[in-house]
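Residue strings, one per chain:
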Amino acid sequence: MREVKLAKVVVHIGVGKSGEMLEKAKKVLQEITGQKPCTKPAKMTIKEFGTRQGEPIACMTTLRGEKAATFLKRCLDAVGNALKRSSFDENGNFAFGIKEHIEIPGTKYVPELGIFGMDVMGTLERPGFRIKRKRIRPAAVGKSHRVSKDDAINFMTAKFGVQIREA
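Anyway, here's the lowdown on the structure attached to this text. Fair warning: this is a prediction, and the values are worked out from it, not measured in the lab.

## Let's talk about the packing of aromatic side chains
What describes a pair of aromatic rings is the distance from one ring centre to the other and the angle between the planes of the rings. What the rule picks out here adds up to two aromatic pairs. With centroids separated by 5.8 Å and ring planes inclined at 45 degrees, the aromatic side chains of Phe88 and Phe94 adopt a geometry described as tilted. Per residue, the accessibility class of Phe88 equals that of Phe94, and both read buried. Taken together, a centroid distance of 6.1 Å and an interplanar angle of 75 degrees make the contact between Phe155 and Phe160 edge-to-face. In terms of burial, Phe155 and Phe160 fall into one category: buried.

Rendered as structure tokens:
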């Protein structure tokens, strides 16, 4: 029950405006992940950026299971198999950015679509974490059963061969 596993990987591209650029970002994300992405609306109106509340400005997709692990390996290759210690939080999550999607191995540049940067977020959990998500009688996960920062770092170094940088 103490074994740590990869629960999900969320891939997010923030464009900042709706329209043609968002559609291109959705095509790129679908090409890379093999899943149809959903759009995310702006939370508030910001006049300087030209965004309105509720306007779709980003796209994301969630990968689970074996698909998540293989995609995460490809993304880690794009960043040189190294993550900063500050990329991990206290709850067993980690995140890192990729400046250009064409850095991911196996991705080809398509001039019509352009180049997009993306955020990759991973969530780690242990068996039994379902109790906090179930509909009938949900419960909290005990403090000793949660995934700590050190547990997450040890899992990533053992399973994916990631080197941890101190910056």
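Resuming the write-up.
## Brief notes about unusual backbone geometry
For Asn81, which is not glycine, the phi dihedral falls at a positive 55 degrees. Relative to the helices and strands, Asn81 is located in the loop between α2 (65–78) and β4 (82–84). For Arg137, which is not a glycine, the phi torsion comes out positive at approximately 55 degrees. A relative accessible area of 72% means that Arg137 is categorised as exposed.

Conventions used here
- Residues numbered from 1 in each chain as written.
- Predicted model: local features only at pLDDT ≥ 70, side-chain atom pairs only at ≥ 80, totals over all residues.
- Heavy atoms only, no water.
- Phe/Tyr/Trp six-rings, centres within 6.5 Å; stacked < 30°, edge-to-face > 60°.
- Buried < 20%, exposed > 50% of the residue type's maximum accessible area, 1.4 Å probe, protein only.
- Helix = DSSP H or I, 4+ residues; strand = E, 2+ residues; numbered from the N terminus.

Everything listed here is a matter of geometry and, on its own, says nothing about what the molecule does.
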